[in-house]
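Fold and geometry: a report
One letter stands for each residue in the lines below.
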Amino acid sequence: MKKQSKPARIIIAALAAAIMLSSISGCGQTSASAGQSPKAPVEITNVSYDPTRELYEAYNKVFQAYWKAEADQDVTIVQSHGGSGKQARSVLEGNEADVVTLALEYDIAELEKGGLIEPGWVNEFEKNSAPYTSTIVFLVRKDNPKNIEDWDDIVVPGIEVITPDPKTSGGARWNFLAAWAFALKLYSGDEAQTTQFLKDLYTNVSVLDSGARGSTTTFVENGKGDVLLAWENEAFLSLKEHPGEFEIVTPSVSILAQPSVAIVDEVAKKRGTEEIAKAYLQHLYSDEAQKLAGENYYRPSNTAILQEFSSTFDLSLELVEIDKDFGGWEAATAKFFADDAIFDQIYEQ
Amino acid sequence: MGAFGKRGKARVIPGFGLSMGITVSMVSLIVIVPMLSILVILSGMSLADIWKAATERKVLAAYWVSLSASFIAAVVNSVFGVILAWCLVRYKFPGRRLLDGFIELPFALPTAVAGIALTTLCLPDGWIGRLFTGFGISISYTRIGITVALIFIGIPFVVRSVQPVLEKLGPECEEAAQMLGASKTRTFFKVIFPEIMPAALTGFGLAFARGLGEYGSVIFIAGNIPYKTQIVPLLIMSKLEQFNYGDAAAIALVMILFSFFILFAINLAQSKISKAEKG
């Protein structure tokens, strides 16, 4: 390498390259519908997780109409979907979201720790800031050839179970905890036997995908496995897309999954969108939006509207709750999913 | 090289300052800065923590899965890559250019697409998997599947490294060797092989290093069971998913060192070979 003179030119070239690169990266999305409203159109970003795609596509239209009538302002909503943890991390690392609607309270708590969301967000909206809920059910093949009715039917040898990895997937943590709740009840609180039950269960797991959608693909498209542990709403979507190929089995015990919503205070403050962000999440509790949630196979948190969907959902299912039965996500994560915790132990030989 | 660099002599091609500047800034922006960011994260950790994160039992098992699968895939690619390159350079047949273009497809295809497609093909009743089911071999969701995915993404490296050397070599050398009485095997091992060896080694090294880092196509076909079919990049993702940036960086550092040593060893081997040829 012979380096010769002309340092000035080198510096200029370096600067030029740097400017070129930085200008490539910062492309925003602007597609506001320009109306002649007195208020300037506003844009908010909703960072959400995978299975809510269809729900928010419908809800955003409802909210746009509502906000136009209410505040006489056009609003554009930029939607983003992905694995819940991944989405939380992208916000933490500077993806400017005005609101987050994620799968786990834990992921939002991580944003709180990062200083983006003010403490006390859980009580900012009704029902622990969970406007809709879901639960974990079994998806089995047509006519249920292996006669799977409950959790103890899927730990016996010879059953092939598909569920994602709790280390990488929010949904998978619910699956694990639901199974744990069932076994803990079965063995009347004996944790050693419960751990063995989970070990038997995960011995039957042949593919541990990194996300819930991946597991659905493995089970539904690739035909792998006898039973898929799935979000109720994902299971219904699979039924709808492949009529006559699958059945939903509701176990005797499952878990109340509360996907949480929150305003990203720091971002909303900076962008001056606090008011509309709040209205956006608040309107999720309106009758109209609650019905929309039900139609997209989420259980509405409004009990009256939930009853309207009693033909869709099995309302007799016993549901354990993360706060009441597991002491909250922080505690559950430390006990089950942290490094060397119970999930890691069941894979130790 | 040729025209560049000699002090005092006028360069035939102008613009050394400019191109050097672009080179330096590109290398630092695209290679060095991301690498440094790993070190920045690690600087907040004690050595004991880094060591613990990088040598956890599950992680050790994953190193083995990644290294063995990448190595086997790279060996398979070296053998078949040379054959492919040979065929494409030495024989003229209809559709040769088309076939030549297909070689690069693994570069162009999004890795997730490749992963899903391979998984489906290699299922017990898939087009490829079916052929092996009879022998009791399942490909999808096993280590064999991981290796298959890595063979797929690695093959262009070997073919594209060896091809230009073969083109330059020309059939004259082989003809000369045969006229001098060498057998076909002797011609291959004594005349052709030494010429393409350095290029094949480069291809091997690139395919191996690429295999170690491959994520997109492998996770779909791997099964991802701890201690059995979990690859290192997946563990890094799983650490990130738990907001554990430190451990992820520690494992990443080990992977960088692996890749670095592989490529370094191959460079060393190549310089030995070229010295031996000259001397």
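Analysis parameters
Residues numbered from 1 in each chain as written. Chains lettered and ligands numbered in written order. Predicted model: local features only at pLDDT ≥ 70, side-chain atom pairs only at ≥ 80, totals over all residues. Helix = DSSP H or I, 4+ residues; strand = E, 2+ residues; numbered from the N terminus. Buried ≥ 20, exposed ≤ 12 C-beta atoms within 10 Å, placed from the backbone. Contact = placed C-beta atoms within 7 Å. Pairing = 2+ DSSP bridges. Axes fitted to C-alpha atoms, helices over the stretch in contact; angles between N-to-C directions. Parallel < 35°, antiparallel > 145°, perpendicular 65-115°, else oblique. Nonpolar A, V, L, I, M, F, W, Y, C, P; charged D, E, K, R; others polar. Left-handed = near helix turned anticlockwise from the far one by under 90°. Core = buried A, V, L, I, M, F, W, Y, C linked by C-beta atoms within 7 Å. Domains from an automatic or database assignment.

Points about the overall build of chain A
Assigned secondary structure in chain A consists of 16 helices and 13 strands. Across the 349 residues of chain A, 44% fall into the buried class. When contacts within chain A are restricted to residue pairs at least 6 apart in sequence, those whose partners lie at least 24 apart make up 73%.

As for the overall build of chain B
Broken down by element type, chain B carries 13 helices and zero strands. For chain B, the succession of helices and strands along the chain, N to C, is α-α-α-α-α-α-α-α-α-α-α-α-α. For chain B, the spread of C-alpha atoms along the principal axes amounts to about 65 × 65 × 35 Å. In chain B, 76% of the contacts between residues at least 6 apart in sequence involve partners at least 24 apart.

Considerations on the pairing of strand 8 (residues 227-231) of chain A
For a regular strand, side chains alternate in direction, first toward one face of the sheet and then toward the other. Residue and element names in this part refer to chain A. With five of five residues buried, strand 8 lies mostly within the body of the structure. Pairing analysis gives two bridges linking strand 6 (residues 161-162) to strand 8, with the strands arranged parallel. Paired with Val161 across the two strands is Val227, which belongs to strand 8.

As for the packing of helix 4 (residues 105-113) of chain A against helix 15 (residues 328-337) of chain A
Residue and element names in this part refer to chain A. The geometry of helix 4 relative to helix 15 is characterised by a closest axis approach of 9 Å and an angle of 105 degrees between their N-to-C directions. By the angle between their axes, helix 4 is roughly perpendicular relative to helix 15. Of the residues in helix 15, those touching helix 4 at Glu105, Tyr106 and Ala109 are Trp329, Glu330 and Thr333. Residues belonging to the contact of helix 4 with helix 15 are distributed by class as follows: three nonpolar, one polar and two charged.

A few points about unusual backbone geometry
Residues and elements named next belong to chain A. Positive phi values are uncommon outside glycine, yet Lys127 reaches one of about 50 degrees. As for its position among the elements, Lys127 is in helix 5 (residues 126-129). For Lys127, a count of 12 C-beta atoms within 10 Å puts it in the exposed group. Backbone geometry places Tyr297, a non-glycine residue, at a positive phi of 70 degrees. By secondary structure assignment, the location of Tyr297 is in the loop between helix 12 (287-295) and strand 12 (299-300).

A look at the packing of helix 3 (residues 84-92) of chain A against helix 4 of chain A
Residue and element names in this part refer to chain A. With their axes 9 Å apart at the nearest point, helix 3 and helix 4 run at an angle of 15 degrees to one another. Overall, the two elements helix 3 and helix 4 adopt an arrangement that is roughly parallel. Of the two possible hands of crossing, helix 3 and helix 4 adopt the one that is right-handed. Facing Ser84, Gly85, Ala88, Val91 and Leu92 of helix 3, the residues of helix 4 in contact are Asp107, Glu110 and Leu111. When the residues that make up the contact of helix 3 with helix 4 are grouped by side-chain class, the tally is four nonpolar, two polar and two charged.

Points about the nonpolar core
Membership of the largest hydrophobic core comes to 150 residues, with the highest contact counts inside it found for Val99(A), Val100(A), Val264(A), Ile221(B) and Ile251(B). Here this core gets twelve residues from one element, more than from any other, and that element is helix 8 (residues 143-169) of chain B. The contact partners of Val100(A), leaving out residues within four places of it in the chain, are Val47(A), Val91(A), Ile108(A), Leu111(A), Ala262(A) and Val264(A).

Some remarks on the sheet that holds strand 6 of chain A
Residues and elements named next belong to chain A. Taken in spatial order, the five strands of this open sheet run 7-6-8-5-9, and their pairing is mixed. Of all the strands in the sheet, just strand 7 (205-207) and strand 9 (246-249) have a single pairing partner and so form its edges. Contacts from helix 9 (residues 232-241) reach strand 5 (136-141), strand 8 and strand 9 within the one sheet, and its direction differs from that of strand 8 by about 120 degrees.

Observations concerning the domain arrangement of chain A
The figure often quoted for interface size is the accessible area lost as the parts come together. Residue and element names in this part refer to chain A. According to the domain assignment, chain A contains domain 1 (42-131 + 259-308) and domain 2 (136-256 + 317-347). Spacing between the C-alpha centres of domain 1 and domain 2 amounts to 27 Å. Contact with domain 1, which involves 15 residues of that partner, is made by 15 residues of domain 2. Of all the secondary structure elements, the ones that give two or more residues to the side of domain 1 that touches domain 2 are helix 3 and helix 4. Residue contributions to the side of domain 1 that touches domain 2 peak at four residues, all from helix 4. By residue class, the composition of the side of domain 1 that touches domain 2 is eight nonpolar, four polar and three charged.

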